[in-house]
Amino acid sequence: MDTASTGAYDGVRTATRAIATEAVHAGRDDLARQGLHAPPIDLSTTYPSYDSRAEAARIDAFAADGADPAGPPVYGRLGNPTVARFETALARLEGTESAVAFASGMAALSAVLLARSAMGLRHVVAVRPLYGCSDHLLTAGLLGTEVTWTDPAGITDALRPDTGLVLVESPANPTLAELDLRAVAHACGSVPLLADNTFATPVLQRPAEQGARLVLHSATKYLGGHGDVLAGVVACDEEFAGRLRQIRFATGGVLHPLAGYLLLRGLSTLPVRVRAASANAAELVRRLTVDARVARVHYPRLGGAMIAFEVYGDPHEVISRVRLVTPAVSLGSVDTLIQHPASISHRIVDADDRRGAGVSDRLLRLSVGLEDVADLWADLDQALGAAPETPVGAGASVAAGHLRRG
């Protein structure tokens, strides 16, 4: 792991540490010296200052480069100590210089697009599938951007002088398609690659090590991990982090301190949760792959806790029959969630574009949690209903994974 300093709270770190250790200690390294064990929650929106000249100088410095103001906090929209702990920790886990947190994943993506647009770089090259709202934000041009959709092989040819960003998601939502991020980064040339790492988390994949200059997370998902916090974060170098802080200050898409505390707490168990849920997912994939009611299973080679599968029957009936599994949007919680992307998360994407990206009308997305896998299978088994009267093929095939079958 990169041992370069990434924030105000990691001064004691002097040696390479495993990700499980970093998850527990990053952002908390100063606590023992302060006589604390749990990180404090700073709920202040403003902070007193009796030296208005120095205050003005610090604000001017922030306006120049977006660096965190030196000294005590100024105002909640410029930064918060509790949120800063989470940012420090996430940057350490992703192996980047800095990270900037926002009120949601979409706020984080919007800030990236606005930062590039402010430089006159309004064109985006993107690879489908992406999360449905990310797709819509680009396609609708809501922030004044223009998008060119392409496959990975077409990225270089799609670049223009005003291209400010290449955006990919791997594994992708919801098909779990994987990309060779190193090859994609090479194809981008000097244009920054933004990789959405929400599904994999830094436990399974660190895109910055493969050439991505920006790493996006919907922190609502695995980073928080308990379905009780809404947040987004971008891990990047310090120069771009400064631009993002300026956008955050101007637009107000700040993360609440309590959310920052919950995210920091969530990171401490992230490796344990991801590995346990991934083990459950691998077992469910094994069972779904040989089930006559399932046409195809999508599961990434790098593993993880997300599964997508296509059924021969009515997917809406499967949704209606689950009892232990929760039928709900979102993912990455300790409990297992199931949803129908064509109806919910990707409904906002044009139907032809959606199907062209592999999001079929019979596809179900399963976010596997920490329940006992036998209980999960019992619920899925009854929800899938009766097997088709006439067996179809020789069993499900597994796409994107190492269990591919005919």
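Remember, predicted model here, so these are calculated numbers, not experimental data. (Residues numbered from 1 in each chain as written. Predicted model: local features only at pLDDT ≥ 70, side-chain atom pairs only at ≥ 80, totals over all residues. Heavy atoms only, no water.)

*Asks:* Explain the domain arrangement of the protein to me, and be specific about the residues and the numbers.
*Replies:* According to the domain assignment, the protein contains domain 1 (19-269) and domain 2 (270-384). In this assembly, 36 residues from domain 1 lie in contact with 34 residues from domain 2. Carbon and sulfur atoms supply 68% of the area buried between domain 1 and domain 2, which totals about 2,800 Å² over both sides. Our enumeration of links across domain 1 and domain 2 arrives at zero salt bridges. Linking domain 1 with domain 2 are 13 residue pairs in polar contact (both at pLDDT 80 or more), by the criterion used here. Listing elements by their share of the side of domain 1 that touches domain 2, those giving two or more residues are helix 1 (19-25), helix 5 (132-139), helix 8 (201-204) and helix 10 (257-268). Grouping the amino acids of the side of domain 1 that touches domain 2 by side-chain chemistry returns 18 nonpolar, 14 polar and four charged. (Domains from an automatic or database assignment. Contact = heavy atoms within 4.5 Å. Buried area = accessible area lost by both parts, 1.4 Å probe. Salt bridge = Lys/Arg side-chain N within 4 Å of Asp/Glu carboxyl O. Polar contact = N/O pair within 3.5 Å; in protein donor to acceptor, adjacent residues only side chain to side chain. Helix = DSSP H or I, 4+ residues; strand = E, 2+ residues; numbered from the N terminus. Nonpolar A, V, L, I, M, F, W, Y, C, P; charged D, E, K, R; others polar.)

*Asks:* Could you give an account of empty space enclosed by the protein, with specific residues and numbers?
*Replies:* Enumeration over the complete set of coordinates arrives at three cavities of 30 Å³ or more. Computed from the structure, the largest cavity encloses a volume of approximately 40 Å³. Every residue lining the largest cavity is listed: Tyr 222, Arg 273, Val 274, Ala 277, Gly 332, Ser 333, Val 334, Val 368, Gly 369 and Leu 370. In terms of residue class, the lining of the largest cavity is built from six nonpolar, three polar and one charged. (1 Å grid on protein atoms, 1.4 Å probe; cavity = no way out; pocket = protein on both sides within 12 Å on 5 of 7 lines; lining within 4 Å. Points joined across faces, edges and corners; volume = space filled by probe spheres on them.)

*Asks:* Please provide a residue-by-residue account of the packing of aromatic side chains, values included.
*Replies:* The final tally for this structure, using the stated rule, is one aromatic pair. Their ring planes at 75° and their centres at 5.7 Å tell us that Phe 62 and Phe 249 sit as a pair that is edge-to-face. Here Phe 62, found in helix 2 (residues 52-65), pairs with Phe 249, found in helix 9 (residues 238-251); they are 187 residues apart in sequence, far enough to count as distant. Relative accessible area serves as the criterion here: at 28%, Phe 249 is assigned to the partly exposed category. Across the ring face of Phe 102, the terminal group of Arg 248 is positioned such that the distance to the ring centre comes to 6.0 Å. (Phe/Tyr/Trp six-rings, centres within 6.5 Å; stacked < 30°, edge-to-face > 60°. Buried < 20%, exposed > 50% of the residue type's maximum accessible area, 1.4 Å probe, protein only. Lys NZ or Arg CZ within 6 Å of the ring centre and 35° of its normal.)

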